[in-house]
Amino acid sequence: MKLYQSSPTHKPFLSIVACQHGNEPFGCEIVEALRPRLEEFPGLQLIIANEEALAIDQRGVEGDLNRSYPGDQVGNHESSLAHTLLSHVQGTRYLFDVHTSVSSCGFLVPIVAELTQDTQRIINLLPSPRIVCVERPLSSTALIGNVNAGISLEFQKSLADQSAIELTTKLVEDLYDCRQAPTRARDVFLVTGILEADLTLPDTARDFELVEELGLYPVLLKDPSYIGNQGLKATEKIQMRI
């Protein structure tokens, strides 16, 4: 794990975590874009999480880091790393967890474990019309389920470019400037489980579109990085102004 801080004496205000998965290196570009500006943002810390998995271009070394929280100091590589990483971000006011997906999810899907005042403040600053809320117990082993105001920024891999770096940088600036955008209608998809590997989905199944015969909305559908399942399962869609 590699950690960059504006100052070790500042209490963490915003933590940005990149590369929990070694086959998602895009987050490193966001870290590198913000590193020269660390002193502009007191309490900002940038973390490249799973360097060992990144070095071998694999999702993990001995497991999935983002399914390993709260971790175990004497566990396998990912479990031990989860324990260490969590110790550095506990107490942070906000956390961005940067990911990419090969599913056709659209440019950016924000994912939260709870729709609190703090997570809604972050969502308010984003243009995304769709929000995913992963409910417990599913979120309890993910990083965002173990911190205050954690949000995963899930970029579609084929669209993750300079515009994604600029969006994230502006999000940091707006958060520090206490900016608030006009509220807008968002579709919030409530994820309650996974799409089991043996579940037969129609050929017409698409991300965020209701599969009427099954009563569900696929989320991050058929990303090959997901082992043993076909993605996430939302069972309800609600509309909120955020």
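In this text the structure is predicted, and so the values were computed from the model without any measurement.

Enquirer: Can you walk me through the overall build of the chain in this structure?
Expert: Scanning the chain for helices and strands turns up 5 helices and 10 strands. Relative to a compact globule of 242 residues, whose C-alpha radius of gyration would be 18 Å, the chain shows 17 Å and is just as compact. Summarising its shape, the C-alpha atoms of the chain cover approximately 55 × 45 × 30 Å along the three principal directions. Across the 242 residues of the chain, 53% fall into the buried class. Partitioning the intrachain contacts of the chain with sequence separation of at least 6 by distance along the chain shows that 73% fall at a separation of at least 24. As displayed, the chain has an accessible area near 10800 Å², and 48% of this comes from carbon and sulfur atoms. Charge centroids of the chain, computed over 20 positive and 32 negative side chains, lie 6 Å from each other.

Enquirer: So what exactly am I meant to see when it comes to the sheet that holds strand 1 (residues 2-5) here?
Expert: Pairing between sheet strands relies on hydrogen bonds along the backbone, with the strands arranged either parallel or antiparallel. Spatial ordering of the open sheet is given by 1-3-2-4-7-5-6-8-10-9, a layout of 10 strands whose pairing is mixed. The open sheet is flanked by strand 1 and strand 9 (217-219), the only strands paired with a single partner. Taken pair by pair, the neighbouring strands of this sheet meet at an average axis angle of 30°, ignoring direction. Note that strand 2 (residues 14-18) and strand 4 (residues 94-101) share 4 bridges and pair parallel. When the sheet's bridge partners are listed, Ser15 is paired in strand 4 with Leu95. Helix 1 (residues 26-34) rests against strand 1, strand 2, strand 3 (44-48), strand 4 and strand 7 (150-156) of the sheet, and its axis sits at about 145° to strand 3. Along the sheet, helix 4 (residues 117-124) makes contact with strand 4, strand 5 (108-112), strand 6 (130-134), strand 7, strand 8 (185-196) and strand 10 (229-241), crossing strand 4 at roughly 55°.

Enquirer: Please explain the pattern of salt bridges as it appears in this structure.
Expert: Two side chains with opposite charge may pair up if their charged atoms get near one another. Applying the stated rule across the entire model yields 9 salt bridges. A salt bridge links Arg35 to Glu32; the shortest N-O distance between them is 3.3 Å. For Arg35, a relative accessible area of 35% puts it in the partly exposed group. In this structure, the salt-bridge partner of Arg93 is Asp118, at a minimum N-O distance of 3.3 Å. Here Asp118 lies in helix 4 and Arg93 lies in the loop between helix 3 (77-89) and strand 4, a separation of 25 residues in the sequence. Counted as one network, the salt bridges with shared partners bring together Glu24, Arg59 and Asp64.

Enquirer: Looking at this model, I keep getting lost on helix 5 (residues 162-176). Mind explaining?
Expert: Since one α-helical turn is 3.6 residues long, residues separated by three or four positions face the same way. Its 15 residues give helix 5 an end-to-end C-alpha distance of 21 Å, which sits within 8% of 21 Å, the value for a rise of 1.5 Å per residue. Turning to helix 5, the residues buried within the fold contact strand 2, helix 1, strand 4, strand 5, helix 4 and strand 7. The first or second residue beyond helix 5 is Cys178, which carries a positive phi of 60°.

Enquirer: How do you make sense of the nonpolar core when you look at a structure like this?
Expert: A general feature of soluble globular proteins is that nonpolar side chains tend to end up buried together. Residues Ile16, Phe96 and Phe155 are the most contacted members of the largest nonpolar core, which totals 40 residues. For this core, the leading source of residues is helix 5, giving 6 residues. Once residues within four sequence positions are removed from consideration, Phe96 is found in contact with Leu14, Ser15, Ile16, Val17, Ile122, Ile151, Leu153, Leu171, Val172 and Leu175.

About the thresholds
- Residues numbered from 1 in each chain as written.
- Predicted model: local features only at pLDDT ≥ 70, side-chain atom pairs only at ≥ 80, totals over all residues.
- Heavy atoms only, no water.
- Helix = DSSP H or I, 4+ residues; strand = E, 2+ residues; numbered from the N terminus.
- Rg over C-alpha atoms; globule rule 2.2 N^0.38 Å.
- Buried < 20%, exposed > 50% of the residue type's maximum accessible area, 1.4 Å probe, protein only.
- Contact = heavy atoms within 4.5 Å.
- Areas by Shrake-Rupley, 256 points an atom, 1.4 Å probe, with all protein chains shown as cover.
- Lys, Arg positive; Asp, Glu negative; His and termini not counted.
- Charge placed at Lys NZ, Arg CZ, Asp CG, Glu CD.
- Pairing = 2+ DSSP bridges.
- Axes fitted to C-alpha atoms, helices over the stretch in contact; angles between N-to-C directions.
- Salt bridge = Lys/Arg side-chain N within 4 Å of Asp/Glu carboxyl O.
- Expected span 1.5 Å × (residues − 1).
- Core = buried A, V, L, I, M, F, W, Y, C linked by side-chain atoms within 4.5 Å.

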